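What follows is each chain in one-letter form.
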Amino acid sequence: MTTIAIDGPAAAGKGTLSRLIAGAYGFHHLDTGLTYRAVAKALIDAGLPLDDESVAAHAAREIDLSGLDRATLSAHAIGDAASKIAVMPEVRRALVAAQQAFSRKAPGTVLDGRDIGTVVCPDAEVKLYVTASPEIRARRRRDEIVTGGGQADYATVLSDIERRDARDMGRTDSPLRPAADAHLIDTSTMSIETAFQAARAIIDAALE
Ligand code: C5P
């Protein structure tokens with residue numbers, strides 16, 4: 001059984017890359033960001049606060065991984081709310097347990113998030129850390145929102161990304177950082193196809 005762990009900040013391209021990798025190797029894929037987003041959305045929809053750890057942990061224990069819908073969870077505001085509940089250890093404990101159970105599916109899995117290589121799957125056969133400059137990520141995220149018919153201002157998106165990076169990298173429990181044995185892929189000047197080829201070369205070499 002093989003596990004591929006992919007971490008990195010928001011809008012670095014790790015989601016697209018993870019889906020391509022899972023498709024190429026015939027592995028199951030879990031975008032763990034969706035699990036944090038689902039908890040945030042469940043709280044918002046129920047009119048519950050985002051700053052009560054036991055309420056959020058209760059919602060986290062109810063999350064069904066098979067019911068995660070990217071389309072309804074992708075809103076920018078839900079990502080911001082997700083990063084608020086993601087600082088809570090009790091929430092992380094519940095979601096990490098579900099993610100670890102997923103990671104054991106045969107014939108192999110690809111999990112992407114912030115702490116996969118460091119906390120969720122520290123024994124993963126392959127670890128990638130996918131990153132890009134905040135400016136490039138903000139431009140990509142803005143273009144994505146505009147292409148989807150929404151409105152987005154570059155400066156606002158950039159400051160949102162910088163705030164989210166600071167929250168994800170600065171938290172005490174499972175901060176975003178590359179595992180010591182992660183391979184770095186900086187996609188700032190890469191097309192998704194080039195990044196995919198780079199990832200494949202690393203994975204093939206590691207699985208040989
Ligand atoms: O990757 P995505 O933008 O969907 O993640 C939303 C938020 O969920 C992140 O900003 C982060 O705070 C949190 N997250 C996390 N650990 C993960 C995946 C996501 O803390 N493994």
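Since the structure is predicted, the reported quantities are computational estimates derived from the model, not experimental observations. (Residues numbered from 1 in each chain as written. Predicted model: local features only at pLDDT ≥ 70, side-chain atom pairs only at ≥ 80, totals over all residues. Heavy atoms only, no water.)

**As for the site of the ligand**
1) Next: By nearness alone, 15 residues border the ligand, and Arg37, Arg92, Asp115, Arg164 and Asp168 come closest of all.
2) Next: Arg92 places a polar side-chain atom, nitrogen or oxygen, 2.8 Å from an oxygen atom of the ligand.
3) Next: With respect to the ligand, the side chain of Arg164 contributes an N or O atom lying 2.8 Å from an oxygen atom.
4) Next: Protein chains shield 96% of the accessible area of the ligand, which is 450 Å² for the free molecule. (Near = heavy atom within 4 Å. Polar contact = N/O pair within 3.5 Å; in protein donor to acceptor, adjacent residues only side chain to side chain. Areas by Shrake-Rupley, 256 points an atom, 1.4 Å probe, with all protein chains shown as cover.)

**What to know about the domain arrangement of the protein chain**
1) Next: On domain assignment, one finds that the protein chain holds domain 1 (1–27 + 109–208) and domain 2 (31–106).
2) Next: In this structure, domain 1 and domain 2 have C-alpha centres spaced 18 Å apart.
3) Next: Counting from both sides, the interface comprises 21 residues of domain 1 and, opposite them, 22 residues of domain 2.
4) Next: Here domain 1 packs against domain 2, burying approximately 1,900 Å² in sum over the two surfaces, 51% of which is carbon and sulfur.
5) Next: If you sort the residues of domain 1 by the area they bury against domain 2, Met1, Arg164 and Arg167 come out on top, with a joint share of 25%.
6) Next: Our count for the contact surface shared by domain 1 and domain 2 stands at three salt bridges.
7) Next: We note a salt bridge from Arg92 to Asp115, for which the minimum N-O separation is 2.9 Å. (Domains from an automatic or database assignment. Contact = heavy atoms within 4.5 Å. Buried area = accessible area lost by both parts, 1.4 Å probe. Salt bridge = Lys/Arg side-chain N within 4 Å of Asp/Glu carboxyl O.)

**Quick notes on the sheet that holds strand S5 (residues 183–186)**
Two pairing modes exist for strands in a sheet, parallel and antiparallel, and in both the strands are linked by backbone hydrogen bonds.
1) Next: Strands sit in the order S2-S3-S1-S4-S5 across an open sheet of five strands; the sheet is parallel. In this open sheet, the two edge strands, each paired with only one partner strand, are strand S2 (28–31) and S5. Direction aside, neighbouring strands of the sheet carry axes that sit 20° apart on average. (Pairing = 2+ DSSP bridges. Helix = DSSP H or I, 4+ residues; strand = E, 2+ residues; numbered from the N terminus. Axes fitted to C-alpha atoms, helices over the stretch in contact; angles between N-to-C directions.)

**Details of the pattern of salt bridges**
1) Next: Scanning the model with the defined rule gives 13 salt bridges in all.
2) Next: Put simply, Lys84 and Asp80 hold a salt bridge, and the shortest N to O gap is 3.9 Å. Note that Lys84 and Asp80 are positioned in helix H5 (residues 76–85) at a spacing of four residues, about one turn of the helix.
3) Next: A residue is classified by how much of its surface remains accessible, and Asp80, at 16% relative accessible area, is buried.
4) Next: For Arg114, the salt bridge goes to Asp168, with nearest N and O atoms at 3.1 Å. Taken as a pair, Arg114 in the loop between strand S3 (108–113) and helix H7 (116–120) and Asp168 in helix H9 (residues 154–170) lie far apart in primary sequence, 54 residues in all. Of the two residues examined, Arg114 and Asp168, each falls in the buried class.
5) Next: A cluster of three or more residues bridged by salt bridges with shared partners is formed by Asp80, Lys84, Asp160, Arg163 and Arg167. (Buried < 20%, exposed > 50% of the residue type's maximum accessible area, 1.4 Å probe, protein only.)

**Some thoughts on the environment of Tyr25**
1) Next: Summarising the element assignment, Tyr25 is placed in helix H1 (residues 14–25).
2) Next: Look at Tyr25 and you get buried, because its relative accessible area is 18%.
3) Next: As a C-alpha pair, Tyr25 and Glu62 span 37 residues in sequence and 31 Å in three-dimensional space.
4) Next: Sequence-distant contacts of Tyr25, defined by excluding residues within four places in its chain, comprise Arg200, Ile203 and Asp204.
5) Next: Within the structure, Tyr25 has its side chain in polar contact with the side chain of Asp204 (distance 2.7 Å).

**Quick notes on the nonpolar core**
1) Next: Tyr36, Val39, Leu68, Ile85, Val91, Leu95 and Leu111 are the most contacted members of the largest nonpolar core, which has 30 residues in total.
2) Next: Listed by contribution, the elements that provide at least two residues to this core are helix H2 (32–45), helix H3 (53–62), H5, helix H6 (89–103) and H7.
3) Next: A per-element tally of this core places H2 first, with six residues.
4) Next: When residues of this core are assigned to domains, at least three map to each of domain 1 (1–27 + 109–208) and domain 2 (31–106).
5) Next: Beyond its immediate stretch of four places on either side in the chain, Leu95 contacts Thr35, Tyr36, Val39, Ala60 and Ile63.
6) Next: One finds Ala12, Leu17, Val126 and Ala195 within the second-largest nonpolar core, a separate group that totals 18 residues. (Core = buried A, V, L, I, M, F, W, Y, C linked by side-chain atoms within 4.5 Å.)

**Some details on H3**
1) Next: When H3 is considered as a whole, its buried residues turn out to be Ala56, Ala57, Ala59 and Ala60. Down the axis of H3, the sector holding all buried residues measures 160°, keeping them to one side. The outward face of H3, more than 90 degrees from its buried face, is lined by the exposed residues Arg61 and Glu62.
2) Next: The elements touched by buried residues of H3 are H2, H5 and H6.
3) Next: Sitting at the head of H3, Asp52 places a side-chain oxygen 3.2 Å from the backbone nitrogen of Ser54. (Arc of directions from axis to C-beta.)

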